[in-house]
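# A structural walkthrough
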Amino acid sequence: MWFFGKDKIKIPLREKLEIRLEAIGGQGANSAGKILAETAVLDHGFTGNHFSSFGSEKRGTPVKSFVRISTIQKPIRSASYIRKPNLLVIFHEFMIASHPEVFDGVNQDTDVLINSKSDPQAIQLPKGVHPRWLGTLDATKISNKTKSGLNTVMLGAMIPFLPELKGEKLEAVISRYFTKISAEEKSNNLAGFKAGWNEVKVKAALPHQDRLVLEAHQFIKMGYENAPFGGVILNPGNSMLKDHESSRKGFAPKLNTEICCHCGYCDLVCPDYCFVWEKNDSKKMGAELLGIDYQYCKGCQKCIQICPVEALTLAPESEIQPKEKLSLLGSQNES
Ligand code: SF4
Ligand code: SF4
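Residues numbered from 1 in each chain as written. Chains lettered and ligands numbered in written order. Predicted model: local features only at pLDDT ≥ 70, side-chain atom pairs only at ≥ 80, totals over all residues.

## Observations concerning the packing of helix α4 (residues 150–158) against helix α6 (residues 183–199)
Packed helices, taken two at a time, are described by the angle their axes make and the gap between the axes. The contact between α4 and α6 brings their axes to 6 Å, and the two run at 35 degrees. When you trace α4 past α6, the crossing you get is right-handed. Contacts between α4 and α6 involve T152, V153, M154, L155, G156 and A157 from the first element and N189, G192, F193, K194, A195, G196 and W197 from the second. (Axes fitted to C-alpha atoms, helices over the stretch in contact; angles between N-to-C directions. Helix = DSSP H or I, 4+ residues; strand = E, 2+ residues; numbered from the N terminus. Left-handed = near helix turned anticlockwise from the far one by under 90°. Contact = placed C-beta atoms within 7 Å.)

And the structure:
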């Protein structure tokens, strides 16, 4: 039996459904997984389970969330990594190149949904990745516009891929799931959910879309033979490779050096030591603030709140020029 949904995509109704959400800490993938599983089990009478795997419990690190559903009420006993998802959801396009292992197990029966401004058929996939249907939407923009969580927007966009679940029931679960937020925040999240549902574009993946060649690209082959010892950091100095753009939700602090009085308060509150300084005896504190290393900035905005002279303001990512992106390693990142 086939389901004809948005943009005439054809998805068969399935007896077993496996969904993997790939995100960055702070984007709400764990809650999205819980909401999906609750909708399937409590509101549709299916059997299902959900669990997540976190990085270092820090905003900005990779998070995986897994949902298994049986529409024929078979008991689900597995709580292991989902290797071959029916639906793969990527919460930020940036992960395609930075974490290519997110495509692990994608095959001709996998549908992929990506938070991206691009048309589905303009997305470049890593070599060897051939999904069935590809969906995209600018979920970051929708989330900023509706003041909703990114996760509720992505949940709305998942509906065309999940004919087994009714969108209205998912909406009802979102409404009752967030018990501790205000009525206004709840209504914002529902607006984000509906916008995600309406605005997602879904197209068949083209055979030649796997043209992204990544030098260090390797799919993870996990198993008892190659699992690393727990607690061992195999790539020391790895934080130098991080780029937290995806956790900044489209906005970042912008420094106005004309106003800055080099007091250093921003540096005191920044949890990730993003501020770049140069010794300068002519300044009161003996150092001059040159700018921000955005590679480490996760967008928490603590620096903006503390700055006494409003030299730091919140600006869209697109307004931050390459020359403003300083490096803590001493040289400018780009020209
Ligand atoms: S808190 Fe504001 S004024 Fe003080 S150093 Fe930071 S940016 Fe400059
Ligand atoms: S928003 Fe400010 S305080 Fe937060 S990580 Fe970025 S630079 Fe540091």
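Having seen the model, we can carry on.
## Looking at the sheet that holds strand β6 (residues 87–90)
Pairing is mixed in the open sheet, where seven strands are placed in the order β4-β5-β3-β6-β7-β8-β9. Across the chains shown, the open sheet's two edge strands, defined by having one partner strand only, are β4 (47–53) and β9 (201–204). When strand polarity is set aside, the average angle formed by the axes of neighbouring strands in this sheet is 15 degrees. Of the strand pairs in this sheet, β4 and strand β5 (residues 62–70) are connected by seven bridges, and their pairing is antiparallel. When the bridges of β5 are listed, N49 appears paired with R68. (Pairing = 2+ DSSP bridges.)

## Considerations on the site of ligand 2
Taken together, 13 residues sit near ligand 2, with C270, C274, C297, C300 and C303 positioned nearest. Classifying every residue of the shell around ligand 2 by side-chain character gives eight nonpolar, two polar and three charged. (Near = placed C-beta within 6 Å. Nonpolar A, V, L, I, M, F, W, Y, C, P; charged D, E, K, R; others polar.)

## Overview of the pairing of strand β7 (residues 111–115)
For β7, the buried fraction is high: five of the five residues fall into the buried class. Along β7, one buried face is formed by D111, L113 and N115 and the opposite face, lined by V112 and I114, is buried too. Pairing between β6 and β7: four bridges, direction parallel. Pairing of V89 across the sheet is with L113, part of β7. Across four bridges, β7 lies against strand β8 (residues 133–137) in parallel orientation. Opposite L113, over in β8, you have G135 as the bridge partner. (Buried ≥ 20, exposed ≤ 12 C-beta atoms within 10 Å, placed from the backbone.)

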